[in-house]
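# Observations on the three-dimensional arrangement
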Amino acid sequence: MITIVRKFFSLLFVLILTGLWIIINPQPALAQTNTINYNNASLENRDFSNIDLTGVNFIAAEMRGTNFQGANLTNTMFTKGVLLKANLQDANLTGALVDRVTLDGANLKNAILTEATLTRSRFYDTDITGADFTDAIIDRYQVSLMCERAEGVNPVTGVSTRDSLGCR
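The notes below deal with the structure included here.

### Topic: the overall build of the chain
When you go through the chain residue by residue, the secondary structure sums to 3 helices and 2 strands. Walking the chain from its N terminus toward its C terminus, one meets helices and strands in the order α-β-β-α-α. Split into buried and exposed, the 168 residues of the chain put 40% on the buried side. When contacts within the chain are restricted to residue pairs at least 6 apart in sequence, long-range pairs at least 24 apart make up 8% of them. Accessible surface, the chain: about 9,900 Å² in total, of which carbon and sulfur atoms supply 56%.

### Notes on the state of the cysteines
Under the defined criterion, the tally for this structure stands at 1 disulfide. What pairs with Cys147 in a disulfide is Cys167, and their sulfur atoms sit 2.0 Å apart. Between Cys147 and Cys167, the S-S torsion sits near -90°, and that sign places the bridge as left-handed. Taken together, the residues span a long stretch of sequence, with Cys147 in helix α2 (residues 140-147) and Cys167 in the segment after α3 (161-165) at a distance of 20 residues. Across the pair, exposure class does not vary: Cys147 and Cys167 are buried alike.

### A few points about the side chain of Asn57
Take Asn57: it is sitting in the loop between α1 (2-24) and β1 (117-118). Among residues more than four places away in sequence, those in contact with Asn57 are Ile36, Asn37, Tyr38, Asn39 and Met77.

### As for empty space enclosed by the protein
One pass over the full model with this rule turns up 1 cavity of 30 Å³ or more. Around the largest cavity, the lining residues are Leu83, Leu88, Leu93, Val98, Leu103, Leu108, Leu113, Leu118 and Phe123. Residue composition of the lining of the largest cavity, grouped by class: 9 nonpolar, no polar and no charged.

### Here's the deal with unusual backbone geometry
Of note, Ala60 is a non-glycine position whose phi angle comes to about 55°, a positive value. Within the secondary structure layout, Ala60 lies in the loop between α1 and β1. On the basis of relative accessible area, Ala60 is assigned to the partly exposed category, the value being 31%. In this model, Asp90 sits at a positive phi of 65°, which is unusual for a non-glycine residue. Tracing the backbone through its elements, the reader meets Asp90 in the loop between α1 and β1. Overall, the relative accessible area of 37% leaves Asp90 in the partly exposed class.

### Describing the environment of Val153
With respect to the secondary-structure elements, Val153 resides in the loop between α2 and α3. Note on Val153: relative accessible area 49%, which makes it partly exposed. Distance in space between the C-alpha atoms of Val153 and Asp132 is 7.8 Å, their sequence separation being 21 residues. Setting aside residues no more than four positions away along its own chain, Val153 makes contact with Asn110, Gly130, Gly158, Val159 and Ser160.

Rules used throughout
- Residues numbered from 1 in each chain as written.
- Predicted model: local features only at pLDDT ≥ 70, side-chain atom pairs only at ≥ 80, totals over all residues.
- Heavy atoms only, no water.
- Helix = DSSP H or I, 4+ residues; strand = E, 2+ residues; numbered from the N terminus.
- Buried < 20%, exposed > 50% of the residue type's maximum accessible area, 1.4 Å probe, protein only.
- Contact = heavy atoms within 4.5 Å.
- Areas by Shrake-Rupley, 256 points an atom, 1.4 Å probe, with all protein chains shown as cover.
- Disulfide = S-S within 2.5 Å.
- 1 Å grid on protein atoms, 1.4 Å probe; cavity = no way out; pocket = protein on both sides within 12 Å on 5 of 7 lines; lining within 4 Å.
- Points joined across faces, edges and corners; volume = space filled by probe spheres on them.
- Nonpolar A, V, L, I, M, F, W, Y, C, P; charged D, E, K, R; others polar.

Function cannot be read off these values alone, since they describe shape.
What follows is the structure, given as structure tokens:
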């Protein structure tokens, strides 16, 4: 009888130690490998041109004057970011989340923004010549402002900027 009690308490002790180890040393269960995270980073005037940044997070990052020319930014997150006077010419932002981002004075010439979410973002004095916004979600007020200066055809998709914005 005493050996059964000892085995029970030994097993209980091992279970308690295992539980404490799991609590003290947690490991992410579904961590993604090779994920780059620039959240809250200061990236002013950095050069990310022609780099594959698919799925990278730039949440609340400061990116004034940053160069993303020709970069693959598919499914990238730019929530609450500052991209004042950033260069996104020829960049691919397909499916990107660009929510509450300031793009004033940025260069989006020939950028691909198909199926991107561009809500509560500003595009004042942004060069959108040849940009493709097909199936993008954009605030109506910003669309109306961009339609006043929309021109050009995207050299990759062959879609005119005016058509992709639904300008009348």
